[in-house]
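Coordinate analysis (summary)
For reference, the chains in residue letters:
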Amino acid sequence: MSNGWYNQSTVSQNAGSARAFGQAQFDEGLRQHMLRVYNYMMAGLVVTGLVAGFVASDRSLMIALFGSPVKWLVMLAPFAFVLALSFGIQKMSYKTAQMVFWAYSATMGLSLSVVFLAFTGASVARVFFITAGTFAAMSLWGYTTRRNLTNFGGFLMMGLFGVVIAGFVNMFMQSTGMQFAISVISVLVFTGLTAYDTQSIKEMYSESYDHESAGKLALMGALTLYLDFINLFMSMLRLLGDQNRD
């Protein structure tokens, strides 16, 4: 009788140990995946910042890019790269997807170079660090919270569509008050989306993905968080940035 109880207990303990070991493996894999996502995102931001700073420091280059019809190509190119990654990544190889991501980060730098002319360097740096702190806090919360943010995400997407439509309308109205309201709502929307997207990226992870698929999944996660960061930064800059009077 005691032997039977002992054997049953041992089996239960072994099963529990196996589950614990499996969970530990999964958690480590998830941690590595999220680090990969964040590393890609931060590297993309570095590329964007370096390109933007370099272009902004060369007046003749700025005139060539934004003083001619080329400016439309510069402004629309990042959107084209986002569409290419979003809808074509499954047909791309991992290396091709990486190249498109870096190209997107660089063209975004071209597009954002005007920020250094419109706002003072000190305010750009200040807002960047405020954005980084806000992003880090919300992304950490999205990663650790046990609350399901799915319904929250749906509400945020509605807010995002509203911001896009209002921004398009204000292109013609040129209302300062409306622009202020759009910026405030945008900060709230992209702050929330940072948490929601982080949780979504976490939940999409699976150990069953091969190296190629896992790499492309990390790239798409990085692109999503990159967009959240850039949009949050630009919204905060419109609210808190100091106009360059030079």
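It should be emphasised that the depicted structure is a prediction, and the values quoted were computed from it without experimental measurement.

Cut-offs and rules
Residues numbered from 1 in each chain as written. Predicted model: local features only at pLDDT ≥ 70, side-chain atom pairs only at ≥ 80, totals over all residues. Heavy atoms only, no water. Helix = DSSP H or I, 4+ residues; strand = E, 2+ residues; numbered from the N terminus. Rg over C-alpha atoms; globule rule 2.2 N^0.38 Å. Buried < 20%, exposed > 50% of the residue type's maximum accessible area, 1.4 Å probe, protein only. Contact = heavy atoms within 4.5 Å. Patch = residues over 30% accessible without salt bridge, like charges linked within 9 Å, V, L, I, M, F, W, Y side chains within 5 Å. Areas by Shrake-Rupley, 256 points an atom, 1.4 Å probe, with all protein chains shown as cover. Salt bridge = Lys/Arg side-chain N within 4 Å of Asp/Glu carboxyl O. Expected span 1.5 Å × (residues − 1). Phe/Tyr/Trp six-rings, centres within 6.5 Å; stacked < 30°, edge-to-face > 60°.

In this section: the overall build of the protein. Scanning the protein for helices and strands turns up nine helices and zero strands. Scaling as 2.2 N^0.38, a compact globule of 246 residues should have a C-alpha radius of gyration of about 18 Å, whereas the protein reaches 23 Å, well beyond that. The C-alpha extent of the protein, read off along each of the three principal axes, is 90 × 40 × 30 Å. Every one of the 246 residues in the protein was classed for burial, and the buried ones make up 36%. Look at the contacts in the protein between residues 6 or more apart in sequence, and 85% of them connect residues 24 or more apart.

On the surface, Ile130, Phe180, Val184, Leu188, Leu239 and Leu240 cluster together to form a nonpolar patch covering roughly 500 Å² of accessible area. Elements with a minimum of two residues in the nonpolar patch: α8 (176-204) and α9 (211-240). Along the chain, isoleucine 130 turns up in helix α6 (residues 121-144). Relative accessible area serves as the criterion here: at 34%, isoleucine 130 is assigned to the partly exposed category.

Taking 1.5 Å of rise per residue, the 19 residues of helix α4 (residues 94-112) would be expected to cover 27 Å, and the 27 Å separating its terminal C-alpha atoms lies within 8% of that figure. All buried positions along α4 are accounted for by Tyr94, Ala97, Val100, Phe101, Tyr104, Ser105, Thr107, Met108, Gly109, Ser111 and Leu112.

With a phi angle near 55 degrees, glutamine 174 is a residue other than glycine that sits in the positive phi range. In this structure, glutamine 174 sits in the loop between α7 (150-173) and α8.

A few words now on the packing of aromatic side chains. Applying the stated criterion to the full structure yields eleven aromatic pairs. Here the aromatic rings of tyrosine 40 and phenylalanine 101 are separated by 6.3 Å at their centres, their planes lie at 70 degrees, and the arrangement is edge-to-face. Of this pair, tyrosine 40 sits in helix α1 (residues 2-56) while phenylalanine 101 sits in helix α4, placing them 61 residues apart in sequence. The same class applies to tyrosine 40 and to phenylalanine 101, which are both buried. Ring geometry for tyrosine 40 and tryptophan 102: centres 6.0 Å apart, planes at 50 degrees, overall tilted. Here tyrosine 40 is found in helix α1, whereas its partner tryptophan 102 is found in helix α4, with 62 residues between them in sequence. The buried category is assigned to tyrosine 40, whose relative accessible area is 11%. Among the aromatic residues, those joined into a cluster by ring pairs are Tyr40, Phe101, Trp102, Tyr104 and Tyr226.

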